[in-house]
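What the coordinates show
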Amino acid sequence: MTTALNVIAALLTIGFGLFGLLAPAFTANALDLAPTKSTMGLSEMRASVGGLFVVTGLAALLLNNPMAYAMLGIVYAGAALGRFVSVFLDHPPLAKALIFGGIELVLAIWLILANLNRAS
């Protein structure tokens, strides 16, 4: 079951990343990010919300090692940390921030706890 859930988490990561990579304007809109006078924001979406997550998810799948999945969890822990710090400092729309942060936190907890004790 651990292997199946790891693969599902990695595939979700790739799926989330593909939105940022291939549909940055859609992703920016979903995250309440507004375009400016340049396309640098779209470039940032493709890089940090897109490609980073696609490659991280793919790496976990290709390496197929508990430590790789644990590192994917650490990536999600960093995202959740940033999201929850933002709740206190930036006061984003609470429901949206808690939903996104909750997804990140659940994936972080699962991937770290399920895989760190399996790492060789």
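Preceding this section is the structure that the text describes.
Reference entry: report on the structure contained in this document. (Residues numbered from 1 in each chain as written. Predicted model: local features only at pLDDT ≥ 70, side-chain atom pairs only at ≥ 80, totals over all residues. Heavy atoms only, no water.)

1. Some details on the overall build of the protein chain
Scanning the protein chain from terminus to terminus reveals five helices and zero strands. Compactness check: the protein chain gives a C-alpha radius of gyration of 15 Å against a globular reference of 14 Å for 120 residues, within 12% of the reference. In terms of overall dimensions, the protein chain has a C-alpha envelope of 50 × 30 × 20 Å along the principal axes. Buried positions account for 30% of the 120 residues belonging to the protein chain. At a minimum sequence separation of 6, the contacts of the protein chain that also span at least 24 residues come to 70%. If the 5 positive side-chain charges of the protein chain are averaged to one point and the 4 negative ones to another, these points end up 7 Å apart. (Helix = DSSP H or I, 4+ residues; strand = E, 2+ residues; numbered from the N terminus. Rg over C-alpha atoms; globule rule 2.2 N^0.38 Å. Buried < 20%, exposed > 50% of the residue type's maximum accessible area, 1.4 Å probe, protein only. Contact = heavy atoms within 4.5 Å. Lys, Arg positive; Asp, Glu negative; His and termini not counted. Charge placed at Lys NZ, Arg CZ, Asp CG, Glu CD.)

2. Points about a nonpolar patch on the surface
Where nonpolar side chains cluster on the molecular surface, the patch consists of Met1, Leu5, Ile8, Leu12, Phe16, Ile99 and Ile103 and spans about 670 Å² of accessible area. If you list the elements that add at least two residues to the nonpolar patch, you get α1 (2-22) and α5 (94-116). Ranked by residues supplied to the nonpolar patch, first place goes to α1 with four residues. Positionally, isoleucine 99 belongs in helix α5. (Patch = residues over 30% accessible without salt bridge, like charges linked within 9 Å, V, L, I, M, F, W, Y side chains within 5 Å. Areas by Shrake-Rupley, 256 points an atom, 1.4 Å probe, with all protein chains shown as cover. Salt bridge = Lys/Arg side-chain N within 4 Å of Asp/Glu carboxyl O.)

3. Details of the nonpolar core
In this structure, Ala9, Ala10, Phe53, Ala60, Tyr69, Leu72, Tyr76, Leu107, Ala108 and Leu111 together form the largest nonpolar core, which totals 10 residues. Of all the secondary-structure elements, those providing two or more residues to this core are α1, α3 (40-63), α4 (66-89) and α5. Ignoring anything within four residues of it in the chain, the contact list for alanine 60 reads Asn65, Ala68, Tyr69 and Leu72. (Core = buried A, V, L, I, M, F, W, Y, C linked by side-chain atoms within 4.5 Å.)

4. Some words on the packing of α1 against α5
Running from N to C, α1 and α5 cross one another at 140°; their axes reach a closest spacing of 11 Å. In terms of crossing hand, the pair formed by α1 and α5 is left-handed. When α1 is examined against α5, the residues Thr2, Leu5, Asn6, Ala9 and Phe16 are found in contact with a partner set consisting of Ile103, Leu107, Trp110, Leu111, Ala114 and Asn115. Per-class residue counts for the contact of α1 with α5 are eight nonpolar, three polar and no charged. (Axes fitted to C-alpha atoms, helices over the stretch in contact; angles between N-to-C directions. Left-handed = near helix turned anticlockwise from the far one by under 90°. Nonpolar A, V, L, I, M, F, W, Y, C, P; charged D, E, K, R; others polar.)

5. Here we look at the packing of aromatic side chains
Scanning the entire structure with this criterion turns up two aromatic pairs. A ring pair is formed by phenylalanine 53 and tyrosine 76, whose centres lie 5.9 Å apart and whose planes are at 50°; its orientation type is tilted. With phenylalanine 53 in helix α3 and tyrosine 76 in helix α4, this pair connects stretches of sequence that are 23 residues apart. According to the relative accessible area criterion, phenylalanine 53 is buried, its value standing at 17%. (Phe/Tyr/Trp six-rings, centres within 6.5 Å; stacked < 30°, edge-to-face > 60°.)

6. Section: the environment of asparagine 64
For asparagine 64, the position within the fold is in the loop between α3 and α4. Once residues within four sequence positions are removed from consideration, asparagine 64 is found in contact with Ala59 and Tyr69.

7. Notes on the side chain of glutamate 104
On the secondary structure map, glutamate 104 appears in helix α5. Look at glutamate 104 and you get buried, because its relative accessible area is 10%. Setting aside anything within four residues of it in sequence, one finds glutamate 104 in contact with Tyr76, Ala79, Ala80 and Arg83.

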